[in-house]
Amino acid sequence: MTGIAVASIDFKGVVKRYADSAPTLPGLDLHIRDGEFMVLVGPSGCGKSTTLRMIAGLESVTAGELLIGDRKVNDVPPKDRDVAMVFQNYALYPHMTVFENMAFGLRVRKQPESQIRTSVEAAAETLGLADLLERKPGQLSGGQCQRVALGRAMVRDPQVFLFDEPLSNLDAELRVQMRASIGRLHREFGTTSVYVTHDQIEAMTLGSRIAILNGGELMQVGTPMELYGDPDNVFVAGFMGSPPMNILPVRNLGHALENRLMHVPREGLDRFGAELLVGVRPEALCPAAEAPAHWPRLSAPVEMVETLGAEMLVHLGQDDERLVARLPGLRALTPGESLTLAFDPAALYLFDARSRQRLREVRAAVVPQPELITP
Amino acid sequence: MSNSQVQGRPVAAELDLPYRERAQGVLRGALRDVLSWRFALLVFASLVVIYPLLWVVSLAFSGQQSLQLAQDTRDMGFWAQMAALVPLPEQWSLQNFRAVLTEQPFIRWLLNSLVVAGGTTVIGLVLSCTAAYAFSRFRFPGRNRGLMLFLVSQMFPAVLMLIPLYVIVVQWLGLGNSWLGLILVYAITALPFCVWMLKGYFDTLPYEIEESALLEGASRMTIFYRIILPLARPAIAVTGLFSFMTAWNEFILASIFMDDESLYTVPVGLRFFVSDYSSEWGYFAAGSIMVSVPVILLFLALQRFLVSGLSSGAVKG
Ligand SMILES: Nc1ncnc2c1ncn2[C@@H]1O[C@H](COP(=O)(O)OP(=O)(O)O)[C@@H](O)[C@H]1O
Ligand SMILES: [Mg+2]
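Residues numbered from 1 in each chain as written. Chains lettered and ligands numbered in written order. Predicted model: local features only at pLDDT ≥ 70, side-chain atom pairs only at ≥ 80, totals over all residues. Heavy atoms only, no water.

Asker: How would you explain the interface of chain A and chain B if you had to name every residue and give the values?
Answerer: Counting residues at the interface gives 29 residues for chain A and 23 residues for chain B. Taken over both partners, the interface formed by chain A and chain B buries close to 2,200 Å², and the fraction arising from carbon and sulfur atoms is 62%. For the interface between chain A and chain B, the tally reads two salt bridges. The partner of A:R152 in a salt bridge is B:E216, and the shortest N-O contact between them spans 3.7 Å. Summed over the shared surface of chain A and chain B, the result is ten residue pairs in polar contact (both at pLDDT 80 or more). Among the elements of the structure, helix 1 (48-56), strand 6 (83-86), helix 2 (98-108) and helix 4 (142-155) of chain A are those that each provide at least two residues to the side of chain A that touches chain B. Here the side of chain A that touches chain B takes four residues from helix 2 of chain A, the largest share from any one element. (Contact = heavy atoms within 4.5 Å. Buried area = accessible area lost by both parts, 1.4 Å probe. Salt bridge = Lys/Arg side-chain N within 4 Å of Asp/Glu carboxyl O. Polar contact = N/O pair within 3.5 Å; in protein donor to acceptor, adjacent residues only side chain to side chain. Helix = DSSP H or I, 4+ residues; strand = E, 2+ residues; numbered from the N terminus.)

Asker: I'd like a rundown of the pattern of salt bridges, residues and numbers included.
Answerer: Under the criterion given, the structure shown has 20 salt bridges over all chains. What emerges from the salt-bridge pattern is a single network uniting A:K16, A:R53, A:E59 and B:E211.

Asker: An account of the sheet that holds strand 7 (residues 160-164) of chain A is needed here, citing residue identities and associated values.
Answerer: Residues and elements named next belong to chain A. Strand order in this open sheet of six strands is 6-7-8-3-9-10, and the pairing throughout is mixed. Here the strands that pair on one side only, and so sit at the sheet edges, are strand 6 and strand 10 (217-222). Between one strand axis and the next, the sheet turns by 15° as a mean value, whatever way the strands run. Sheet strands touched by helix 1: strand 3 (37-41), strand 6, strand 7, strand 8 (192-197) and strand 9 (209-214). Its angle to strand 7, the strand with the most contacts, is close to 150°. (Pairing = 2+ DSSP bridges. Axes fitted to C-alpha atoms, helices over the stretch in contact; angles between N-to-C directions.)

Asker: Report on the packing of helix 9 (residues 179-204) of chain B against helix 12 (residues 233-249) of chain B, specifying residues and quantitative values.
Answerer: Residues and elements named next belong to chain B. For the pair helix 9 and helix 12, interaxial distance at closest approach is 10 Å and the crossing angle is 160°. Accordingly, the angle class assigned to the pair helix 9 and helix 12 is roughly antiparallel. Handedness of the helix 9/helix 12 crossing: right-handed. Taken together, the residues of helix 12 that come into contact with helix 9 (itself represented by Y186, A190, F193, C194, M197, L198 and Y201) are P234, A235, I236, V238, T239, F242, S243, T246 and A247. In terms of residue class, the contact of helix 9 with helix 12 is made up of 13 nonpolar, three polar and no charged. (Parallel < 35°, antiparallel > 145°, perpendicular 65-115°, else oblique. Left-handed = near helix turned anticlockwise from the far one by under 90°. Nonpolar A, V, L, I, M, F, W, Y, C, P; charged D, E, K, R; others polar.)

Structural data, given as structure tokens:
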């Protein structure tokens, strides 16, 4: 089934409604390219698992079309979709050994036993499970269990890999390791993968592209850098990056943006409403002393300082005008002290206060592109 | 070498002093436990339960047919009265067992009971496993009502079913005086409990295991046989044991359905040792002990399944 078959995935106006409540997904349009590593990310309950489980065939599609390759799979049973899934809680068969767990799918499909042994042993070798083949899941650590689950998916050589928060039950260190292995496996095999997580760092590091969901609505799809550098709305701006982008209400004076912390002269504001939101990333702020003179300043009392070693996160402001700055961690700051920071006016994002959508100015969007080295 | 060991011993004992102190501490702890009122209460309760059983054992091995307590103890001294309370036969004898096994059709009855209880267990388990799986995993019209009805049926005393069962099984189906009739009745009456018991266990097995198998291409039947049933072994063992004992111990239905003495189950047979015409309490006691043996053996055999925890490690979180 592999090789020539194209395993793109298309959601065309897909609606999902459980029982007779409001629809969980009111209408999803999403194209996942062949061989791509697509990460679905969003807060808990936004419909990520539902989306994934519809691809697997574990949930029905209420309306719209779901295609894998160019085949409509709305009514295709899970076993005929040629997809493999890795679950958050591993879902290993506890009464079977690691070998039997990985062999189960192949045995059900009546592959010759010698071939099964070869595939399982190869997968076990890749995943470092060769010594554990005779163990039962109960005798394995969480990380080992999840590797068995990965192996079980791999041996079937499916068209599509699905992952539903596979690393959530692992401790931080193991999570980083497993994240690396999953990334490596994808680069090696190039199988179309859909990966659900609520962790934006996982999303940034793993995804070829990321789809951000909120309340069943698709907020934006793009590469990690597109989402980081060119968010379409306040939600995406606040979701990507850690700490997330600072969002502050401002008044639009036509020739400048103003609130209690800052006054930013700016052109081309006439097209926008009176109430706006500005976004500025914590890493775009720098101490005023080190900034060019024409950069806008902002002053606010220091509320709290988180020291991270090489850098520190400074929380400033009060009430609804709060922000975080990521500064070099060399200065001693005391809470209450007033701090003046500066930022590049080009690093400012504008959003409509009501619709919370991005207001793009005529100037090119501020996408941090890798520098082109021209001779 | 042995020499040095012998010599080394007292030294070692001294070196072990902290250990011995610890051991003494443990002993003192144990002593405190033994002397606590909780322990006393448990010992007392155990004695209350075991005492009558000891009399049965004593009677069975006495070779006699009457209880010793029946003797008049009023004129005896205190210690003789006390001694008469101790359940020990005056002389040990296997005569009662021999007689029950040879002079009475006891073996025949045992076999009947085995067939009936075995059949009940098999049929009961097949029906209840499949039903419980459906109740646990599928949503279908009447599901909740069905579960409710099962519960309600358990609220009435079993005797209430006597007449309807007699009419249905003996008069309509013509299954009186047959193993099959009893097996069906027992299997069906045990069904509600078994279904609830198994459904409760199936509910604890994570869905994801089945979904994973479904994605791997397994059919519902494959999943049921190769994944669910093996995982549910502890629950199946308990339910099986329950079915078996229901059928093994039941008296009233068996005595009404079975007219033919050669088809009696053990409880019905035992009853005839002690009736209007005979009071062979010794045979009764010996028979009772032999009836208990298979159940005890079954318990021992199933013990390791009764300790659950097989599914631990399947999922975390
Ligand atoms: N089987 C179900 N029946 C009814 N509602 C469900 C079911 N599964 C999920 N939902 C609802 O759908 C919404 C999205 O769930 P889910 O896809 O699991 O979210 P996520 O994986 O993003 O946390 C939630 O509000 C949840 O309550
Ligand atoms: Mg989820």
